[in-house]
Amino acid sequence: MGQRLNIEIWNNGKCLANSYYHWSAYTTTALDLVDKIIKVANVPTRELIDVHTAIRLLEITGAGLIDEDREYMTTSDMVEHQYKPCNGRDDGLISVTSEFIDGTRLWAEGSVFIYLDEKRISFKVYSEYETYEWERDQREYGDYDNPDEIDARKLPKLKCNIEDIKFDDFETFKNEIKNLVNAGKYDVYDSIYNRVLAWIE
């Protein structure tokens, strides 16, 4: 079984489209996919934001519109648009109808929500623990000289609200997480929600 990722594109309180990836719910992999979208989505435009916009943004990641929803789009007023072929769940399955969006949400092990109108994202590609759970597990399974000194608040601290990242701050956020992973620091303390987040790699 893969690490299953769901990326959703929202605008004005509505999910316009999502994409499901079978092997991409690893923290740094998800960051790289979202980075591709944000670099385009954050460019000012006068174009109307619609389902077609969301599909095009998700196509940047290599995903393609599923056949069932391709048929739906050809019966809509967007029939003139040509969409990239869907090469399977590893590259990404784009859905635009509620039936398939809801279905892929159920499969996801990690999710990212991109809000175009608010120019922000909510990044949920990690394992989450209550501080007491993390401390308990470290005492039981960790390798510490003095287990009594285990304190989740002494972990590296997350510098932002991971559920409310502005587009303009995403590059800094991405680099922060990648630097932690590269340094072998997979657990961080989230002081905003008083919890421990563990990156999935």
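Above this text you will find the structure in question.
Scope of this entry: the structure provided in the associated data block. (Residues numbered from 1 in each chain as written. Predicted model: local features only at pLDDT ≥ 70, side-chain atom pairs only at ≥ 80, totals over all residues. Heavy atoms only, no water.)

## Description of the side chain of Ser 122
Next, step 1: Inspection of the secondary structure puts Ser 122 in strand 6 (residues 120-124).
Next, step 2: When neighbours within four sequence positions are excluded, Ser 122 is seen to be in contact with Ser 111, Val 112, Phe 113, Tyr 115, Ile 162 and Glu 163. (Helix = DSSP H or I, 4+ residues; strand = E, 2+ residues; numbered from the N terminus. Contact = heavy atoms within 4.5 Å.)

## Some remarks on the sheet that holds strand 6
Next, step 1: Spatial strand order, 3-4-2-1-5-6-8: 7 strands in an open sheet with mixed pairing. Two strands in the sheet have a free side with no partner beyond their single neighbour: strand 3 (64-65) and strand 8 (165-166).
Next, step 2: By the bridge criterion, 7 bridges tie strand 1 (residues 5-11) to strand 2 (residues 14-21) in an arrangement that is antiparallel. If you follow Glu 8 over to strand 2, its bridge partner there is Asn 18.
Next, step 3: Contacts from helix 4 (residues 98-107) reach strand 1, strand 2 and strand 4 (93-95), with the element oriented near 50° to strand 2. (Pairing = 2+ DSSP bridges. Axes fitted to C-alpha atoms, helices over the stretch in contact; angles between N-to-C directions.)

## Observations concerning the sheet that holds strand 7 (residues 126-130)
Next, step 1: Pairing is antiparallel in the open sheet, where 3 strands are placed in the order 7-10-9. What marks the edges here is a single partner per strand, and that holds for strand 7 and strand 9 (187-190). Here the average twist between neighbouring strands, direction ignored, is 30°.
Next, step 2: Bridge analysis of strand 7 against strand 10 (residues 195-199) gives 5 bridges, and the strand direction is antiparallel. Following the sheet pairing, Tyr 126 is matched in strand 10 by Trp 199.

## Structural notes on the environment of Asn 182
Next, step 1: Relative to the elements of secondary structure, Asn 182 occurs in helix 6 (residues 170-182).
Next, step 2: The sequence separation of Asn 182 and Gly 103 amounts to 79 residues, and the corresponding C-alpha distance is 34 Å.

## Topic: the packing of aromatic side chains
Next, step 1: According to the stated counting rule, one finds 4 aromatic pairs in the structure shown.
Next, step 2: Their ring planes at 45° and their centres at 6.0 Å tell us that Trp 10 and Tyr 115 sit as a pair that is tilted. One end of the pair, Trp 10, is in strand 1; the other, Tyr 115, is in strand 5 (residues 110-115), and 105 residues separate them in sequence.
Next, step 3: Assessed through its relative accessible area of 18%, Tyr 115 is described here as buried.
Next, step 4: Their ring planes at 70° and their centres at 5.1 Å tell us that Tyr 20 and Trp 107 sit as a pair that is edge-to-face. A residue pair is termed long-range when its members are at least 10 positions apart, and Tyr 20 in strand 2 and Trp 107 in helix 4 qualify at 87 residues.
Next, step 5: Owing to a relative accessible area of 3%, Tyr 20 belongs among the buried residues under this scheme.
Next, step 6: Looking at Trp 107, the relative accessible area reads 43%, which means it is partly exposed.
Next, step 7: An aromatic cluster is built from Phe 123, Phe 170 and Phe 173, whose rings are joined through pairwise contacts. (Phe/Tyr/Trp six-rings, centres within 6.5 Å; stacked < 30°, edge-to-face > 60°. Buried < 20%, exposed > 50% of the residue type's maximum accessible area, 1.4 Å probe, protein only.)

## A few points about the environment of Asn 18
Next, step 1: Turning to its location among the elements, Asn 18 is positioned in strand 2.
Next, step 2: Judged by its relative accessible area of 0%, Asn 18 is buried.
Next, step 3: Apart from the residues lying within four places of it in its own chain, the contact partners of Asn 18 are Asn 6, Ile 7, Glu 8, Leu 58, Leu 93, Ile 94, Ser 95, Ile 101 and Thr 104.

## Concerning the packing of helix 1 (residues 27-41) against helix 6
Next, step 1: Look at helix 1 against helix 6: their axes get within 11 Å of each other, and the N-to-C directions meet at 160°. Between helix 1 and helix 6, the interaxial angle falls into the category roughly antiparallel. For the element pair helix 1 and helix 6, the recorded crossing hand is left-handed. Every residue of helix 6 that contacts helix 1 at Thr 27, Thr 28, Leu 31, Asp 32, Val 34, Asp 35, Ile 38 and Lys 39 is listed here: Phe 170, Glu 171, Phe 173, Lys 174, Ile 177, Lys 178 and Val 181.
Next, step 2: Here the residues of the contact of helix 1 with helix 6 sort into 7 nonpolar, 2 polar and 6 charged. (Parallel < 35°, antiparallel > 145°, perpendicular 65-115°, else oblique. Left-handed = near helix turned anticlockwise from the far one by under 90°. Nonpolar A, V, L, I, M, F, W, Y, C, P; charged D, E, K, R; others polar.)

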